[in-house]
Amino acid sequence: MSVTLTQGQGPAFTRIYSYGAARGENAVTNDEIIEPINSSDEWIRQRTGVVTRVRAVPTTSATDLATAAATEAIAKSGIDPAEIDLVICATISNVQQTPSMSAVVADRVGANPAAAYDSNAACAGFTYGVAQADALIRAGAAKYAVVIGAEKLSDVIDPTDRTISFLLGDGAGAVVIGPSDTPGISATVWGSDGSRADTVGMDHTLVEFRDGEAKWPTLRQEGPSVFRWAVWDMAKVAKQALEVAGVQASDLAAFVPHQANMRIIDEFAKQLGLPESVAIARDIETTGNTSAASVPLATHRLLEEHPELSGGLALQIGFGAGLVYGAQVVVLP
């Protein structure tokens, strides 16, 4: 007698219900960081568009930031925390390798015993998390998910580094994702190019640090190489994401790229041919580059400043270390 296996099956569509955000307590100006890198406020502004970056106090951890962002998102969603059965946290800066940040956050927000795991896709981490939550809910593996991008990058920078340290900030952004009667999250265009992984990443390993062979590992990047890759290759990915979603640039209400560099953002907008009606996230000016947190933080700010964007389409794209990337179109809550 044969037995038929039962597989999970969920709703046809999902959507983002709400956003939450938490930023580091201190706004750090360019003047406060230029001496160790022998630079100037003018140089940083012209090359990156950063005026200030937010950084957390020593007693605030990346997990604390993730908890605060998730708490706001859940409160706004109207979903009982006990009904959340999946928590995904995208991060590269959890200095405690285990337990996972997501499991701790799930317990703190009242979602215990939700399935929980951390994801390391660097600056693409949040868009990866959205893709996974969407797929898992539609597969019946979860009903409601919290996806968080959380970073305390001030823990993993060298203040004397001129390649990336002056860009980076601390913060967390979160969303609640659940079932929808209509499509709310498009298919994701994602991928990687590990052959160029050495252009952005940690300069040493924890083993080398443990054995006294290297200093504390910190982030480094080859700026010109990353800039060219982001501008040319990622613009193609953004266009592909629009095509996969079945929409045109003119259909968008907002464009939310990873907040890596203001020049990259402006070039993106130009290559996509975005009309003036599209709101473009430029959170990097006052928040800095917060890696996995940058897309949800930038979206949260856009929605606060422009509530009329609610219900519109937003193209979001993350890209970064390991040359990992992900892009999708979502309906804004």
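Whatever comes next refers back to the structure up there.
Residues numbered from 1 in each chain as written. Predicted model: local features only at pLDDT ≥ 70, side-chain atom pairs only at ≥ 80, totals over all residues. Heavy atoms only, no water.

(A) Here's a closer look at the pairing of strand β3 (residues 52-55). Here β3 shows two buried faces, one formed by Thr52 and Val54 and the other by Arg53 and Arg55. Pairing between strand β2 (residues 26-29) and β3: four bridges, direction antiparallel. The partner of asparagine 26 across the bridge, within β3, is arginine 55. (Buried < 20%, exposed > 50% of the residue type's maximum accessible area, 1.4 Å probe, protein only. Helix = DSSP H or I, 4+ residues; strand = E, 2+ residues; numbered from the N terminus. Pairing = 2+ DSSP bridges.)

(B) Quick look at the pattern of salt bridges. Taken as a whole and assessed by the stated rule, the structure comprises 15 salt bridges. Lysine 76 is the partner of glutamate 72 in a salt bridge, and the nearest nitrogen-oxygen pair spans 2.7 Å. Of the two residues, glutamate 72 and lysine 76 both sit in helix α3 (residues 62-77), four residues apart, roughly one turn of that helix. Connected through salt bridges with shared partners, the residues Asp158, Asp161, Asp203 and Arg220 form a single ionic network. (Salt bridge = Lys/Arg side-chain N within 4 Å of Asp/Glu carboxyl O.)

(C) Expanded view of the layout of surface pockets. Approximately 560 Å³ is the volume attributed to the largest pocket. Elements with a minimum of two residues in the lining of the largest pocket: β5 (115-119) and β9 (200-202). In the lining of the largest pocket, the residues fall into 10 nonpolar, 11 polar and one charged. Each pocket or cavity is described by its volume, and for the second largest pocket that value is around 480 Å³. Forming the walls of the second largest pocket are 31 residues, and the residues nearest its centre are Thr163, Leu167, Gln221, Gly223 and Val226. Broken down by element, the lining of the second largest pocket gets its largest block of residues, six residues, from helix α7 (residues 223-245). Of the residues belonging to the lining of the second largest pocket, the class tally is 18 nonpolar, nine polar and four charged. (1 Å grid on protein atoms, 1.4 Å probe; cavity = no way out; pocket = protein on both sides within 12 Å on 5 of 7 lines; lining within 4 Å. Points joined across faces, edges and corners; volume = space filled by probe spheres on them. Nonpolar A, V, L, I, M, F, W, Y, C, P; charged D, E, K, R; others polar.)

(D) Quick peek at a nonpolar patch on the surface. Side chains of Val95, Leu206, Phe209 and Trp216 sit close together on the surface and give an oily, nonpolar patch of about 370 Å² of accessible area. On the secondary structure map, valine 95 appears in the loop between β4 (86-90) and α4 (101-108). Overall, the relative accessible area of 53% leaves valine 95 in the exposed class. (Patch = residues over 30% accessible without salt bridge, like charges linked within 9 Å, V, L, I, M, F, W, Y side chains within 5 Å. Areas by Shrake-Rupley, 256 points an atom, 1.4 Å probe, with all protein chains shown as cover.)

As far as function goes, none of this settles anything; it's purely spatial.
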